[in-house]
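Secondary and tertiary structure notes
Read off the chains here:
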Amino acid sequence: MIAALREAAIAAAVAFGLFVLLVGLKTEPGSAGTLILRERFGDVALLCGLVFTGRLLMALWRARRAAVEPGAPTRLAALTGRLGSWLAPALLATALLLPWLPGIGRSELDLGILVLTYVMLGWGLNIVVGLAGLLDLGYVAFYAVGAYAYALLAQYFGLSFWICLPLAGILAAFWGVLLGFPVLRLRGDYLAIVTLAFGEIIRVVLVNWTELTGGPNGISGIPRPSFFGLPFSMGGEEGSFAAVFGLEPSPSHRVIFLYYLILCLALLTNWVTLRLRRQPLGRAWEAMREDEIACRALGINLTATKLSAFALGAMFGGFAGAFFATRQAFISPESFTFIESAIILAIVVLGGLGSQLGVAIAAIVMIGGFELFREFDEWRMLIFGGVMVAIMVLRPRGLVGTRTPTIALGERRKISAELVQEGRG
Amino acid sequence: MAYALQQLINGVSLGMIYGLIAVGYTMVYGIIGMINFAHGDIFMIGAFVSLIALLLLSAGGLMEGPAAILLVLVISVAITGLYGWAVERVAYRPLRGSFRLAPLISAIGISIVLQNFVQVAQGARPKPSEAVISGGIELMREGDFTVQLTYVQILIIALTLAVLAIFTVLVTRTRLGRAMRACEQDRRMASLLGIDTDRTISLTFVIGAALASVAGTMYLLRYGVIDFYIGFLAGVKAFTAAVLGGIGSLPGAVLGGLLIGLIETFWSAYFSVQYKDVAAFSILVITLIFLPTGLLGRQEVEKV
Amino acid sequence: MSPILELRGVTMRFGGLTAVKDVSFAAGKGEITAIIGPNGAGKTTLFNCITGFYRPTEGEVLLHGAAGTTPLQRLPDHRIAQAGVARTFQNIRLFAGMTALENLLIAQHNRLMAATGFGIGAVLGLSRYPAAERQAVAQARHWLAATDLLDRADDPAGALPYGQQRRLEIARAMCTDPQLLCLDEPAAGLNPRESEALADLLRRILAAGTAILLIEHDMHVVMRISDRVVVLDHGSMIAIGTPAAVRADPRVIAAYLGEADDEESAAGAAA
């Protein structure tokens, strides 16, 4: 108890040091254009009090837990393992039925579309980071390539969404290979920082190449998708979706259609990934994550294997980008900042590297949670970052840390996270 | 000629700022082998603390001129160093020995926290501040173009050299420096020999943060406008500097900083201001691909 | 003797340091060739030159395989494995998070990959892949049985005890269908019973038509199973011949006695 109090007092003292200037004095524009200071020492005291209580409770809780149940984390792991077998089908069923569930309005569906977009991006990046072990911090570049590819192709050539979607994917995959080539020899954190640089280069080019991309103003008036050629229009005129199917024209038709579109795209990503994982290419990705040198000794061409992972991951990013463009009808470089890459990577890592279910859960929790805090506006990024740190500290292996073997002579048993390598590439 | 000379002066003073931040990256990478992603934001914190301290001193009318700047530096170093310590304690230490991606994600999380903390606490708008030191020495005149070495630039160069001198003595001559170098070589062995590695790593973060805060103060004095987002770009560029100089090499970090500062300044002056960030990023990519050990880094032979 | 592998004047320098100096010898088909030498003699460096992890500064490494003579020093390392040279590592390099069976299937990657139509066909379910996979599993099963690991097939490689990991690494190398198997200290850390089983396994591999090149510290093992012994000291080859001839060579004895290490007693005991 004394020790806990002492720790809490130290923490409060540190908090005082941290906050006394940055919180205690706010810089505000005063008269004559200069800055003036406004004091808020009450807030500092409040924060220090919070830190003190928080640290005290944590110390007490730790002392109690150490005394009572040392094996709590393993129990949690077993629980997620048991939940896993029915959670995936349950999530899928919910996703399929979501537009028809009671109480699901337009805003809920919009949120669903947003979450599914991130699920898809997470699954796409999971190929690169989770399976192949290549740490990519510039994934948003491919999302941007896909979005701009659709927007520009539609604007300049009048191509429809259904022609542009595969083109956007192919273009993104092409960029994936192009950016993948120079970084083949790089490892770990270096790879992360170079991919980050690539992502930023693409963004800076988007901002400055005004003639093509509209610069910071972006591109607006991007055509909305049609129901395989039948437009969604409010007038209910001849040849529109509502008229052909004899429905009352409603704005929700398009939202429901977009929802199922992104659901299909996400499930396609998942299907391809799951299938490849059980085949030589996917196994080679995982082997590369485990040990590159051993792969070379076994005659695996690392160049081809790495590039295929980059290309495939980028392709799904491109699909998601094209979807994003058609859904928003407006894109600008603002949407493709580094923070997006960080969020997608966080989803993959928090979900548990290589685990499809974990990524889906992490996307729901992070993006759904993020949207719930919408009214807190500027606080929510702060909380988001804090949650990222907290989850890593509490569960560094992510939510689902186990690995399922891809083939077995007898029964497939889960492999514990401790044995699985995180990839040095 | 005069124009080029002016760019040289500007490039060197900018490069000094990058160099000071780069030392923090290189030190942390050397000792725990991770990129301290939040280091750029620590620099930003340093700049904000300096701004507030400066306003506080001038509002009280207590001090002005060089004495005020010295006091601002002391305050900024102390508080920013505390941030460095707290970041390591909260986000990195619990993950030591954990798998490699965890600290990286945690670092990105902390970077988001620091940026948004400052945004919430101080507002999102850029903060302009009045010039504390103005004027300079006119070095040469060519037509109607004058080459000027401002007092701020002199201060930046002198201060950086002084700080680096102190820092070099710290690393090469003191017990703490020896402990740091020992941890860099082999952390487990160092701890077996009775070095408190946790404390050494903490102090590494504090020193790195202190250097970044000096850079923050100088950035504030030189450019006069700061916002909560300056840490990201400055961080990436300083990291580029560290890589260019050879990560793990302290003189390399300073050299890399100078080169990045010069390249960026000359690129903006002669080619295109819009694409100046692309120049820095491209150097990063090219260095890592063709010269992965940097200019002064050690060659590593792949162990099989 | 018809050689499977021939080294001609292989030299490897790192900066100013010459780790391997002008080494030339040949390893015969159907033979076990051992490379021995005191610590730091350049054994592993030479191995890395042969298997393509290092590119020799000078000299040639020729594989006289079924498909004619291949100069290995010009190939990237994954091509060397495809040409028919498989290797194990001194510090075991298994895919720890994957099962024993998966490890063996990855070794057959190139053959399986070709059967999938390089990934695309298999996703669409259009290929001969299922048959190829059955065949690959059969081969994996064969080597699991040969290394006495059949009951551990579905266990993660990282969870196996040390001796089993060593055997699994050999099984994995054999799944690439090599003509030459290079083993880096295969008996290190094994108990006498396990080394005995290892010697048996190596003889069976030899009988199946794969020549073996190995680095070994354990002189008992070397002297008993090798057909030919190459002795390195300070990067140079100081002797080559049958175990008996090498054992009697005064230069070899001098090299080992000159070094105060536990090999000294091992060589002494063997002599």
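Presented here is an overview of the structure given in this document. Because the structure is a prediction, the values reported are computed rather than measured. (Residues numbered from 1 in each chain as written. Chains lettered and ligands numbered in written order. Predicted model: local features only at pLDDT ≥ 70, side-chain atom pairs only at ≥ 80, totals over all residues. Heavy atoms only, no water.)

**Observations regarding the overall build of chain A**
Condition: Think of it this way: any DSSP run of H or I at least four residues long counts as a helix, any run of E at least two long counts as a strand, and we number them from the N terminus. As defined in this context, the radius of gyration uses C-alpha atoms, and a globule is described by 2.2 Å times the residue total to the power 0.38. Each residue is assigned to one of three classes by its accessible area relative to the maximum for its type, calculated with a 1.4 Å probe on protein chains only: buried under 20%, partly exposed between the two thresholds, exposed over 50%. In this analysis, two residues are considered to be in contact whenever any of their non-hydrogen atoms come within 4.5 Å of each other. All accessibility values rest on the Shrake-Rupley procedure with a 1.4 Å probe; residue burial counts only the protein chains present in the view.
Regarding its fold elements, chain A presents 16 helices and 4 strands. For 425 residues, the compact-globule estimate of 2.2 N^0.38 gives 22 Å, and chain A sits close to it at 24 Å. Judged by the C-alpha coordinates and their principal axes, chain A covers about 75 × 75 × 50 Å. Out of the 425 residues in chain A, the part that is buried amounts to 54%. The contacts of chain A with a sequence gap of at least 6 include a subset with a gap of at least 24, amounting to 71%. For chain A, the exposed area adds up to about 18,000 Å²; of that, 68% sits on carbon and sulfur atoms.

**Some words on a nonpolar patch on the surface**
All names here are of chain A. Test applied: Exposure above 30% relative accessible area and the lack of any salt bridge qualify a residue for a patch; like charges then connect within 9 Å, and the nonpolar side chains Val, Leu, Ile, Met, Phe, Trp and Tyr within 5 Å. One speaks of a salt bridge when a side-chain nitrogen belonging to Lys or Arg is within 4 Å of a carboxyl oxygen belonging to Asp or Glu.
Residues Leu372, Phe373, Phe376, Trp379, Ile383 and Val387 make up a contiguous nonpolar surface patch of about 560 Å² in total accessible area. Here the nonpolar patch takes 3 residues from helix 16 (residues 378–394), the largest share from any one element. Position of Val387 among the secondary structure elements: in helix 16.

**Digging into the nonpolar core**
Soluble globular proteins tend to pack their nonpolar side chains together in the buried interior. Counted only if it meets this: Residues grouped as a nonpolar core are buried Ala, Val, Leu, Ile, Met, Phe, Trp, Tyr and Cys residues, joined through side-chain atoms within 4.5 Å.
With 289 residues, the main nonpolar core has Trp285 and Ile331 of chain A together with Phe37 and Tyr83 of chain B as its most contacted residues. The contact partners of Ile331 of chain A, leaving out residues within four places of it in the chain, are Ala147, Tyr148, Ala151, Gly218, Ile219, Ile222, Phe324, Ala325 and Phe336 of chain A. Grouped together as the second largest cluster of nonpolar side chains are 28 residues, Leu5, Val23, Val61 and Cys182 of chain C included.

**A short note on the pairing of strand 3 (residues 145–150) of chain B**
Rules: By this definition, two strands are paired if DSSP reports at least two bridges between them.
Of the pairings in the sheet, the one linking strand 2 (residues 136–142) of chain B to strand 3 of chain B comprises 6 bridges and is antiparallel in character. By the bridge assignment for strand 3 of chain B, Met140 of chain B is matched with Val147 of chain B.

**Side note on the sheet that holds strand 1 (residues 3–14) of chain C**
Residues and elements named next belong to chain C. Selection rule: Axes, fitted as lines to C-alpha atoms, cover a helix only where it is in contact. Angles between the N-to-C directions of the axes lie from 0 to 180 degrees.
Here we have 4 strands laid out as an open sheet, ordered 2-1-4-5, and antiparallel in their pairing. A single partner strand is all that each edge strand has here, and the edge strands are strand 2 (17–28) and strand 5 (68–71). Going across the sheet, the axis of each strand differs from the next one's by a mean of 20°, ignoring polarity. Sheet topology note: the strand 1/strand 4 (residues 58–65) ladder contains 5 bridges and is antiparallel. Bridging across to strand 4, Thr11 finds its partner in Glu58. Lying over the sheet, helix 1 (residues 43–50) contacts strand 1, strand 2 and strand 4, oriented at roughly 115° with respect to strand 1.

**Quick look at the side chain of Thr45 of chain C**
Residues and elements named next belong to chain C. Inspection of the secondary structure assignment puts Thr45 in helix 1. Assessed through its relative accessible area of 14%, Thr45 is described here as buried. Excluding anything up to four places from it in sequence, Thr45 contacts Met12, Phe14, Ala19, Val20 and Tyr54.

**Here's the deal with the interface of chain B and chain A**
Many authors give the size of an interface as the accessible area that is lost as the parts come together. Defined as follows: Take the accessible area each of two parts loses on contact, using a 1.4 Å probe, and add the two losses: that sum is the buried area. Pairs of N or O atoms within 3.5 Å make up the polar contacts considered here, provided that, within protein, one atom can donate a hydrogen while the other can accept it, and that residues adjacent in sequence are counted only when both atoms are side-chain atoms.
Across the contact, 64 residues belong to chain B and 62 residues belong to chain A. Carbon and sulfur atoms make up 76% of the area that chain B and chain A hide from each other, which totals about 5,800 Å². Contact with chain A buries area across many residues of chain B, yet Phe99, Arg100 and Ile105 of chain B alone supply 12% of it, more than any other trio. One can count 0 salt bridges joining chain B with chain A. The tally of links between chain B and chain A comes to 6 residue pairs in polar contact (both at pLDDT 80 or more). The set of elements that each furnish at least two residues to the side of chain B that touches chain A consists of helix 2 (39–60), helix 3 (65–92), helix 4 (101–122), strand 1 (127–128), helix 9 (230–245) and helix 11 (276–290) of chain B. It is helix 4 of chain B that contributes the most residues to the side of chain B that touches chain A, 16 residues altogether.

**Quick notes on empty space enclosed by the protein**
This is how it is decided: Only protein atoms enter the calculation, which uses a 1 Å grid: trapped sets of points that fit a 1.4 Å probe without letting it out are cavities, open sets showing protein on both sides within 12 Å along at least five of seven lines are pockets, and any residue with an atom within 4 Å of a point is a lining residue. Grid points are joined across faces, edges and corners, and a volume is the space filled by probe spheres set on the points. Residues are grouped as follows: Ala, Val, Leu, Ile, Met, Phe, Trp, Tyr, Cys and Pro are nonpolar; Asp, Glu, Lys and Arg are charged; all remaining types, including Gly, are polar.
Here the structure, examined in full by the defined rule, presents 5 cavities of 30 Å³ or more. The volume enclosed by the largest cavity comes to roughly 100 Å³. In terms of lining residues, the largest cavity is bounded by 14 residues, among which Tyr25, Phe37, Phe232, Gly235 and Val236 of chain B are the most central. Of all the secondary structure elements, the ones that give two or more residues to the lining of the largest cavity are helix 7 (188–208) of chain A together with helix 2 and helix 9 of chain B. Among the elements that make up the lining of the largest cavity, the one with the highest residue count is helix 9 of chain B (5 residues). Looking at the lining of the largest cavity, its residues break down into 8 nonpolar, 5 polar and 1 charged.

**Some details on the pairing of strand 9 (residues 228–233) of chain C**
Each regular strand displays side chains that alternate between the two surfaces of the sheet. Residues and elements named next belong to chain C. The element strand 9 is extensively covered by neighbouring structure, given that 5 of its 6 residues are classed as buried. Relative to strand 10 (residues 236–241), strand 9 is paired through 5 bridges, and the arrangement is antiparallel. The residue bridging Val231 from the neighbouring strand is Ala239, located in strand 10. The hairpin formed by strand 9 and strand 10 contains 2 residues between the paired strands, and His234 there has a positive phi angle of roughly 50°.

**Quick look at the side chain of Thr406 of chain A**
Secondary-structure assignment places Thr406 of chain A in the segment after helix 16. Polar side-chain contacts of Thr406 of chain A include one of 2.6 Å to the side chain of Glu102 of chain C.

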